[in-house]
Each structure stands twice: as structure tokens, then as C-alpha cells.
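# Descriptive structure summary
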Amino acid sequence: MPTAHSTDADPAAAPEHVDVLIVGAGLSGIGAACHLRQEAPGTTYAILEARGASGGTWDLFRYPGVRSDSDMFTLGYAFRPWQEAKSIAGGAEILHYLRETATEYGVDEHIRYHSRVVRADWSTPEARWTVTVEHTDSGARTTHTCRFLHLCSGYYRYDEGYTPAWPGREDFTGTVVHPQHWPADLDIAGKRVVVIGSGATAFTLVPALAATASRVTMLQRSPSFVMSVPVHDPVARLLRRVLPEHRAHALTRWKNVRVSIALYGLCRRYPARMRALIRKGVLKRLPAGYDVDTHFNPPYQPWDQRMCLVPNGDFFRAIRSGKAEVVTDHIDAFTASGLRLRSGARLEAEVIVTATGLDLLPLGGIELAVDGEPVLIPERVAYKAMMLDGVPNLAFALGYTNASWTLKVDLVSSYVARLLRAMARSGYAVVTPRLPREPIRTTPFVEMTSGYFQRSRALLPLQGDRAPWRLWQHYRKDALLFGEPLDDAELEFRPAAAPAGRPRR
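Description of the structure in this document.

Thresholds applied
Residue numbers restart at each chain and count upward from 1, following the sequence in its written direction. For this predicted model, a pLDDT threshold of at least 70 governs which residues receive local features, and a threshold of 80 or more governs which side-chain atom pairs are given and counted, while totals over whole chains, interfaces and linings are taken from all residues. Values reported for side chains reflect all heavy atoms of the structure, with hydrogen atoms and water molecules removed beforehand. Angles run from 0 to 180 degrees between N-to-C directions of axes, and those axes are lines fitted to C-alpha atoms, restricted for helices to the stretch in contact. Each helix is a run of H or I in the DSSP string that is no shorter than four residues. Each strand is a run of E no shorter than two, and both are numbered from the N terminus. Crossing handedness is defined as follows: a turn of the near helix away from the far one that is anticlockwise and smaller than a right angle gives a left-handed crossing, while the clockwise case is right-handed. Note on definitions: a residue-residue contact is assigned when non-hydrogen atoms from the two residues lie within 4.5 Å. Criterion used throughout: strands pair if DSSP finds at least two bridges between them. Patches were defined on residues exceeding 30% relative accessible area and lacking a salt bridge, with like-charge contacts within 9 Å and nonpolar side-chain contacts (Val, Leu, Ile, Met, Phe, Trp, Tyr) within 5 Å. All accessibility values rest on the Shrake-Rupley procedure with a 1.4 Å probe; residue burial counts only the protein chains present in the view. Any Lys or Arg side-chain nitrogen found within 4 Å of a carboxyl oxygen on Asp or Glu counts as a salt bridge. Charge counting follows a simple rule: Lys and Arg are positive, Asp and Glu are negative, and His as well as the terminal groups are ignored. Charged side chains are reduced to one point each, which is NZ for Lys, CZ for Arg, CG for Asp and CD for Glu. In summary, the pairing rule links any two rings of Phe, Tyr or Trp, Trp by its six-membered ring, whose centres are within 6.5 Å, and it sorts them by plane angle into stacked for under 30 degrees, edge-to-face for over 60 and tilted for everything else. Burial classification: accessible surface area is computed with a 1.4 Å probe over protein chains only, and a residue below 20% of its type maximum counts as buried, one above 50% as exposed, and the rest as partly exposed. The nonpolar core is taken to be a set of buried Ala, Val, Leu, Ile, Met, Phe, Trp, Tyr and Cys residues, with the residues joined through side-chain atoms within 4.5 Å. Orient the strands so they point away from the viewer; a crossover is then right-handed if the path from the first strand over the helix to the second runs clockwise.

### Overview of the packing of helix α1 (residues 27-39) against helix α11 (residues 405-426)
At their nearest, the axes of α1 and α11 sit 9 Å apart, and the two run at 35 degrees to each other. The way α1 lies across α11 gives a crossing that is right-handed. Taken together, the residues of α11 that come into contact with α1 (itself represented by Leu-27, Ser-28, Gly-31, Ala-32, His-35, Leu-36 and Glu-39) are Trp-405, Thr-406, Val-409, Asp-410, Ser-413, Ser-414, Ala-417, Arg-418, Leu-420 and Arg-421.

And the structure:
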């Protein structure tokens, strides 16, 4: 039986047919399997993972300082308390937590590694998916079947990150590296490093690299909003002293959810006030006279893009130490010894890190077809941001963009498990979201202005103008929509052999 980080794949060991086929053995896929075990016991399932290890993002990303910018009381699962002291955890700690969870719930025994799903075909007469799997260690292809397909592969490409085509890049004589594929043997000690980017990855890298590099420059085209957050949660510490672990975890999670909702709401309702408040926090942590308005005053409003959070202000400490700096400018070209900027300035570097974002790959890039007809994802409207109109027995897990990823995928995974249990009790085999007869106005699935969403907007499904075809990026409101599955009038249920059409309840 493969372990949580096995590199062996045996195609013949994968089951021919399961009730649920989960794609992806990262945070979402492991959570989905745990919910099935708890809320739909007896459901057979398998997890197909393209890579040779579990953990998804937290196994792939190995760059210095890698960490979450969400607290672990909400990034961790509601059903398994986070017990470590840190609220903001590093990548290795998160990976350990995921693999421990998989082992504790027996999920690791159901993971099939080196198994990339390339196509899935739904058959209405058979009421099942036939899934084509490419085994990445051998190139062989096999097929598996399932009643329900749950896509938990996240939203970005694992094999490559986004890197712009800069002129003169081939002239640079130093090392260029993307954080998504950080070389284990890269030594930056005593070197001049330029980090290109102004997102969460750049804010993570700069203080970590500054610890050993001679100097680190973060080069950004435009600023981001950034806030300092404590590594340790004082409320969690207090609650743990007086309450059982599960109770303390639940209350801390509830508190953190409320805080994140309140912060997002205030930013959207009072953007000018919140901009001033964030600016004040940055001023407090930087040297006197620092040009905050050039380097930390974005042209967009708070939460038009994801907020960058830095634990205990480590990014600002790196600047105060003199080991790190921020430059706001555009790249004109790479040179042999670094970068030439549009302003005419030059940045000397021996290592250039392109923290320039991700390439999105919605639904894992899987080709979908229903009864032989291709499913064009950008033309479909998402039901509860987790299913596609007209596509039977399929769900996908995409987390929040303005809060912890897991808050959303936990809602989805729990809903899927309860949906399958309710269908089995009522004699239904197929569930299909159907658009209402009344016209529905559609908008982009993600309305944030971050570059990676803008570049890939045409690949994503649409969302509607009202529930359940739209979620509100508000955990408490969204949770109400994930109520009793069989009570939703916009879901079509039928037995396996029944013709399409909305049956009587």
C-alpha cells in the first residue's frame, strides 16, 4: 500500500469502479475524502494524484520561507484541530498536518500516485463517468469509472508558473529561478538577489532570503496592500488553557472567520478609511521618511486583489535592517549583470527570482464530455461555485480568494458527502444543476483584478447574479446556501434508468 509520499504507482491496483473518484491529493482532496468517510460512510472512493507525493501546493513549493498567509485555525480542517503553537505556519508544518490527517482517517490508503486525469466522459444510459488516466511514470493510459467525479486539483498549473517574456533574458549571466520550481541546491549566501513581484510569494521570499544574501531587492511594477499579523494567536493560547482542545479550536476558528469577514467588509464598504488605516500600520513599521506612498499605496482599492499578510512584520524588519529594499519601476530589459529599468536605473544581481505569479488551469485541464458532447467550461454557469449547469454528478473544489481556502472547500466537501448520502436514501443516482427558466445575468467567476485571474478569466466558468448561481465570498452567508441538498429546486434528481427531466419529489 502506498504511503503518503510514495513514488510508486501500480495502475493495476487502482479500482475499476468506485462511487466517488477524487482528483488531487492536496488540501482539498484529502479533506474531501475525510468528509466522505465521516458523512457518507460506506461510500467507496479513490484519489488520483498526478505527482508522486501527497500534499499538493505544500509539497510542491519548496522556496525559502514558504508559508501560508491564512491562519491555521481556518486553513486547517474544522474536523481536525490545529494543535501547534503557531497560527501562521510554514510549508513543512502544513504538509506534516495534511499527511497526518490522511493517515489518521485512512485516506492515504486510497491514493493512487502518478495518475493524471486527462479526460472524463459521462454516459447518461450508464449513469457514470469513464475517466481516462495517464500514468506519469510510464506514459501508459488506463480507464476507471465512477458514479461521481470530484475535482480537487486546485486552479493553477503544477508543471510551470507564469513568467513574462522579458527582452534580453538570455544575456543575464546569473541564475534565474521561479519560486514554483526552487532548486534544492541553490545557494544565495552573500549574493545580490532581485525578487520580481509584489504578491504573497515575494513578501515571503524577501525576509527569508535577506537572512543570508548580501542584499535583496523586491522589484515591483505597482504596490500591494500589506498588513502585519501575529504568528501566535493570543486568543487561541488563552482558550487552550481553559477549554478542551476541540472546543478551543472551534471558538478560535469562529473568531478568525468573523475577523476576516469583518476586515473584508470594512475594506469594501469604507475603502478610503481602510487604505488610511493600512498605510498607518505600514508607516509604523518602516524607518522614518520612508517613501510609503510610492511603494505601499496601490492604485486599486483594498481587496480588489488579495491582501498580503506578513507574520510579525518580518518583511518590514528586513527593510529596517538594511538587507532588503523595495524598488517600484518597470523592467526595460535584462542585462549581463542584472536588470535595466524603464527609469534608466540598473539593478545588479547574481540571482533573479521571478515571483510573477501562476498560470491557471481550471478543473485540472481535464477534457469533459457529456454523452459525447464536449463541455465548454467558460460557457457554463457555476452552481454554488462548485458544480456546472447541465453537467451531471460532478463537483469541483475552489477555495476563497478573500479568505482561507479551506473555509470554502470544506463547505463543498461536506455538501458533496451529504448530497450523496441523501441521494442514496432517496433512490437517486444522478444529480444535475439546471439553470432557472427566468433569464440570469452572468459575470466572471472571480471578480478580483489580480493578474493571474485576469489572464485566465476566459478559461473559468461564469457565475450568475443571484443564489445559488452566485456565492458572496462571505463564509457565513455562503454556509447557509449549503443546507439540505435535496431541498434545492434548481437541482434535477433522477434514478439511474430514468430519462432526463425533473422528477416529482
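Structure shown, so let's carry the discussion forward.
### Focus on the pairing of strand β4 (residues 115-123)
Every regular strand shows the same layout, with side chains that alternate between the two sheet faces. Sheet topology places β4 next to strand β5 (residues 128-135); 8 bridges connect them, and they run antiparallel. Across the sheet, residue Ser-115 finds its bridge partner in β5, namely His-135. Across 4 bridges, the pairing between β4 and strand β19 (residues 367-370) is parallel. Pairing of Ala-120 across the sheet is with Leu-368, part of β19.

### Structural notes on a positive patch on the surface
A contiguous patch of positive charge on the surface is contributed by Arg-258, Arg-269, Arg-476 and Lys-477. For the positive patch, the elements supplying multiple residues, two or more each, are α7 (245-269) and α13 (475-481). Note on placement: Arg-258 falls in helix α7.

### A few points about the sheet that holds strand β8 (residues 175-177)
Remark on secondary structure: sheet strands pair via backbone hydrogen bonds, oriented parallel or antiparallel. Taken in spatial order, the 5 strands make up an open sheet running β8-β17-β9-β10-β13, and their pairing is parallel. The two strands at the open ends of the sheet, each matched to only one other strand, are β8 and β13 (324-328). If you compare each strand with its neighbour and ignore which way they point, the axes differ by 20 degrees on average. Both strand β10 (residues 215-220) and β13 contribute to a ladder of 5 bridges, which runs parallel.

### Some remarks on the packing of aromatic side chains
Considering all chains together, one arrives at 18 aromatic pairs under this definition. Note on Trp-82 and Tyr-97: the rings are 5.5 Å apart at their centroids and 70 degrees apart in plane angle, and the pair reads as edge-to-face. With Trp-82 in the loop between α3 (72-75) and α4 (91-104) and Tyr-97 in helix α4, this pair connects stretches of sequence that are 15 residues apart. Judged by its relative accessible area of 1%, Trp-82 falls in the buried class. Note on Tyr-97: relative accessible area 4%, which makes it buried. Judged by centre distance (5.9 Å) and plane angle (70 degrees), the rings of Tyr-264 and Trp-303 are edge-to-face. Residue Tyr-264 is found in helix α7, and its partner Trp-303 is found in the loop between α9 (292-295) and β12 (308-311); the two are separated by 39 residues along the sequence.

### Some remarks on the sheet that holds strand β16 (residues 346-348)
An order of β14-β15-β16 is seen for the 3 strands of this open sheet, with the pairing classed as antiparallel. Only two strands of the sheet have a single neighbouring strand rather than two, namely β14 (331-335) and β16. The mean angle between the axes of side-by-side strands here comes to 20 degrees, regardless of whether they run parallel or antiparallel. Bridge count between β14 and strand β15 (residues 338-341): 4 bridges; the pairing is antiparallel. Opposite Ile-331, over in β15, you have Leu-341 as the bridge partner.

### Considering the nonpolar core
In this structure, Trp-129, Leu-149, Val-195, Phe-296 and Phe-315 are the most contacted members of the largest nonpolar core, which totals 135 residues. Sort the elements by how many residues they give to this core and α11 lands first, with 12 residues. Residues in contact with Val-195, not counting those within four places in the same chain, are Ala-202, Leu-205, Val-206, Leu-209, Val-216, Thr-217, Met-218, Leu-219, Val-353 and Ala-355. Among the nonpolar cores identified, the runner-up in size contains 13 residues, and Ile-331, Phe-334, Leu-341 and Leu-347 belong to it.

### Things to note about helix α5 (residues 200-210)
For α5, the buried fraction is high: 8 of the 11 residues fall into the buried class. Of the positions making up α5, those classed as buried are Ala-202, Phe-203, Thr-204, Leu-205, Val-206, Pro-207, Leu-209 and Ala-210.

### Overview of the pairing of strand β2 (residues 45-48)
A two-sided burial pattern is seen for β2, the buried positions comprising Tyr-45 and Ile-47 on one face and Ala-46 and Leu-48 on the other. As defined by bridge partners, strand β1 (residues 17-23) adjoins β2 across 4 bridges and the pair is classed as parallel. Residue pairing for β2: Leu-21 is matched across the bridge by Ala-46. Each parallel crossover has a hand, and the one from β1 via α1 to β2 is right-handed. Examined bridge by bridge, β2 and strand β3 (residues 111-112) share 2 bridges and lie parallel to one another. When the sheet's bridge partners are listed, Leu-48 is paired in β3 with Arg-112.

### Side note on the pattern of salt bridges
Pairing of side chains with opposite charge becomes possible as their charged atoms draw close. Evaluated as defined, the whole model comprises 24 salt bridges. Between Glu-104 and Arg-80 there is a salt bridge whose closest N-O contact spans 2.8 Å. With Glu-104 in helix α4 and Arg-80 in the loop between α3 and α4, this residue pair connects regions lying 24 residues apart in the sequence. With relative accessibility at 51%, the residue Glu-104 sits in the exposed group. Where Asp-304 meets Arg-268, a salt bridge forms, and the shortest distance between an N and an O atom there is 2.8 Å.

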